[in-house]
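Breakdown of the fold
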Amino acid sequence: MRIILGVGGGIAAYKVASLLRLFTEAGHDVTVIPTEAATRFVGTATWEALSGKPVSNSVFDDVEKVNHVRLGHEADLIVVAPATADLLAKAATGQAGDLLTNTLLMAHGPVLFAPAMHSEMWQHPATRANVETLRSRGATVLEPAVGRLTGADSGPGRLPEPEVIFDAALALAGAAAVPSAGNAPGPLAGRTVTITAGGTREALDPVRFLGNRSSGKQGAALAQAALDAGARVRFLAAHMDVEPPSGVELVRVESALELREAALAAAPESDVVIMAAAVADFRPAEVSDTKIKKKDDQDAPLLRLVRNPDILRELVEQRGSAAVGGKHSSQLIVGFAAETGDADGDVLEHARAKLARKGCDLLVVNHVGIGRVFGQDETSVVILSGHGAGPQSAAGSKADVAAAVIDRIGAELERVSPAG
Ligand code: CTP
């Protein structure tokens, strides 16, 4: 997708570098247009390096390419962040003094503004009127986040987090973001499926982490199977040994806490959430800002760990506490369990207990030993249902197992909320 990222002159411009990263890592072609004031906060070189393209805010650069007309025409999506009070006013009154405002006037695709300013400016009747005008013309103006502002004050006016803007932008561009997403024929046509995959990494210091053996292959296979079934796929990837399939809306995360934030944000817009990621149950209690050094006169350090939140259980709780209606009321939540039998019970007994504990709708159970499932291409699973249906087995390549899981999800969805 071709995205224009307009950057306004506010301190929050530095956060937009992360937003740019999210767009480019998801495979989008981004042209950055900072305003003159924006370049006082973050220089042109940063935008050029991160986007891999030349950056200008002047209508008089590359005049032969007629950029002031072409960029807006060709963009599939325009995102303005931070949208300052000044930029909102210029856009609402149709001013065209620089390349960004020209581009906004020439927009053919959806336009998203992510405001950031002091609370009084946001609440001022002039800004309220400008926001209303822009919304009435079809633009999306996000609500700013509430919290600490640049000075000692706090209130509404913080730039929404880059992940929130990213999700909103892709949701706005909808099917245009991924041409086949949600539009291809198939049992999951029109459905949005969020899949987490890979293994989280829990930082100890800037160079070390606690990780696990998850390769992300099963999650990638599930994403491909969901795309093949016609779904729009949001793919939240922790560390993976394989590339995510093309066609997904990709969000990269590192730690369990980052994955939690991305999953809870994506879930409300999802018909299905599949937790295939191997989430670390514990993280180091302290993360050192600098590399931990060995010292001859000191014992080896002791690591103290703290529990990570259980994301799967929180997703189930979030669904339960959401207002009835929307995607939540019929949302399907699927967990994965890597189990070994032990003195307290066999694999299936442990799995049934886990299904009850987590409260999800389906639990896909693997039997794990080192080298037995992690990283291997062949696998076998049992799918347990929380709604009384008997267990179902599937075996073969990870693609075969993924197709069986997606089939079963399609059947469950059809039962709780028939398509069309
Ligand atoms: N999971 C999660 N958050 C965690 C740990 C696990 O959402 N902090 C999810 C996994 O993505 C998977 C399911 O929960 O879908 C089961 O993961 P597993 O590691 O088998 O379960 P645990 O809760 O860690 O159970 P236990 O340690 O008791 O085996």
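Residues numbered from 1 in each chain as written. Predicted model: local features only at pLDDT ≥ 70, side-chain atom pairs only at ≥ 80, totals over all residues. Heavy atoms only, no water.

1. Things to note about the pattern of salt bridges
Applying the stated criterion to the full structure yields 20 salt bridges. Linking R191 and E414 is a salt bridge whose minimum nitrogen-to-oxygen distance equals 3.7 Å. Of this pair, R191 sits in the loop between α9 (162–173) and β8 (192–197) while E414 sits in helix α14 (residues 398–416); the two residues are 223 residues apart in sequence, bridging distant segments of the chain. The exposure class assigned to R191 is buried, which follows from its relative accessible area of 8%. What makes E414 partly exposed here is its relative accessible area of 37%. A salt bridge links R260 to E314, with the nearest nitrogen and oxygen atoms 2.9 Å apart. Taken together, the positions of R260 in helix α11 (residues 256–266) and E314 in helix α12 (residues 311–321) put the pair 54 residues apart, joining distant regions of the chain. (Salt bridge = Lys/Arg side-chain N within 4 Å of Asp/Glu carboxyl O. Helix = DSSP H or I, 4+ residues; strand = E, 2+ residues; numbered from the N terminus. Buried < 20%, exposed > 50% of the residue type's maximum accessible area, 1.4 Å probe, protein only.)

2. Let's talk about a negative patch on the surface
Together, E163, E254, E258 and E261 make up a region of like negative charge exposed at the surface. Overall, E163 belongs to the partly exposed group, its relative accessible area being 32%. (Patch = residues over 30% accessible without salt bridge, like charges linked within 9 Å, V, L, I, M, F, W, Y side chains within 5 Å. Areas by Shrake-Rupley, 256 points an atom, 1.4 Å probe, with all protein chains shown as cover. Lys, Arg positive; Asp, Glu negative; His and termini not counted. Charge placed at Lys NZ, Arg CZ, Asp CG, Glu CD.)

3. Focus on the site of the ligand
With respect to spatial proximity, 15 residues lie near the ligand, and among them M275, A277, L312, K354 and K358 are the closest. Within the backbone of I311, one N or O atom sits 3.0 Å away from a nitrogen atom of the ligand. R357 is positioned such that a nitrogen or oxygen atom in its side chain is 3.3 Å from an oxygen atom of the ligand. When the ligand sits alone it has 570 Å² of accessible area, and the protein chains cover 78% of it. Among the detected pockets, the ligand sits in the largest pocket. Elements supplying a minimum of two residues to the shell around the ligand: α12, β16 (332–339) and α13 (347–358). The residue makeup of the shell around the ligand, split by class, is nine nonpolar, one polar and five charged. (Near = heavy atom within 4 Å. Polar contact = N/O pair within 3.5 Å; in protein donor to acceptor, adjacent residues only side chain to side chain. 1 Å grid on protein atoms, 1.4 Å probe; cavity = no way out; pocket = protein on both sides within 12 Å on 5 of 7 lines; lining within 4 Å. Sits in = over half its atoms within 2 Å of the grid points. Nonpolar A, V, L, I, M, F, W, Y, C, P; charged D, E, K, R; others polar.)

4. Section: unusual backbone geometry
Leave glycine aside and you will find that most residues have negative phi; peptide bonds, for their part, are mostly trans. Residue P82 is reached from A81 by a cis peptide bond, and omega for that bond is -10°. Tracing the chain through its elements places P82 in strand β3 (residues 77–83).

5. So, the environment of A169
Tracing the sequence through the fold places A169 in helix α9. The exposure class assigned to A169 is buried, which follows from its relative accessible area of 0%. Along the chain, A169 and V79 lie 90 residues apart, while their C-alpha atoms are 7.2 Å from each other. When sequence neighbours within four positions are dropped, the list of residues in contact with A169 reads F23, L77, V79 and L112. (Contact = heavy atoms within 4.5 Å.)

6. A few points about the nonpolar core
Among the nonpolar cores identified, the biggest contains 95 residues, and L5, V79, I274 and I409 are the most heavily contacted of them. Counting contributing residues, this core receives three or more from each of domain 1 (1–178) and domain 2 (186–420). Apart from the residues within four sequence positions on either side, I409 is in contact with V272, I274, L332, V334 and L362. If you look at the next biggest cluster of nonpolar residues, it comprises 23 residues, including I4, V80, F113 and W122. (Core = buried A, V, L, I, M, F, W, Y, C linked by side-chain atoms within 4.5 Å. Domains from an automatic or database assignment.)

7. Quick look at the environment of E258
Relative to the elements of secondary structure, E258 occurs in helix α11. Exposure remark for E258: the relative accessible area of 40% places this residue in the partly exposed category.

8. Some words on the pairing of strand β1 (residues 2–7)
Among the six residues of β1, five are classified as buried, and the element is accordingly described as predominantly covered. Bridge count between β1 and strand β2 (residues 29–34): six bridges; the pairing is parallel. Bridging across to β2, L5 finds its partner in V32. On the question of chirality, the crossover connecting β1 to the parallel β2 by way of helix α1 (residues 13–25) is right-handed. Across four bridges, β1 lies against β3 in parallel orientation. Bridging across to β3, L5 finds its partner in V79. (Pairing = 2+ DSSP bridges. Right-handed = clockwise from strand over helix to strand, strands pointing away.)

9. So, the domain arrangement of the protein
What the domain assignment reports for the protein is domain 1 (1–178) and domain 2 (186–420). For domain 1 and domain 2, the distance between their C-alpha centres works out to 33 Å. Every contact between the two is made by nine residues of domain 1 and, on the other side, ten residues of domain 2. With both chains or domains summed, domain 1 and domain 2 bury close to 820 Å², and 59% of this area falls on carbon and sulfur atoms. Summed over the shared surface of domain 1 and domain 2, the result is zero residue pairs in polar contact (both at pLDDT 80 or more). Looking at the side of domain 1 that touches domain 2 element by element, the count peaks at five residues for α9. Tallied by class, residues from the side of domain 1 that touches domain 2 come to six nonpolar, no polar and three charged. (Buried area = accessible area lost by both parts, 1.4 Å probe.)

10. Some thoughts on the sheet that holds strand β13 (residues 272–275)
A sheet is described by the order of its strands in space; here eight strands give the open sequence β12-β11-β8-β13-β16-β17-β18-β19, paired in mixed fashion. Looking at the sheet topology across the chains shown, the edges are occupied by β12 (249–252) and β19 (392–397). Looking at each pair of strands side by side, their axes are set apart by 20° on average, direction ignored. Bridge count between strand β11 (residues 232–237) and β12: four bridges; the pairing is parallel. (Axes fitted to C-alpha atoms, helices over the stretch in contact; angles between N-to-C directions.)

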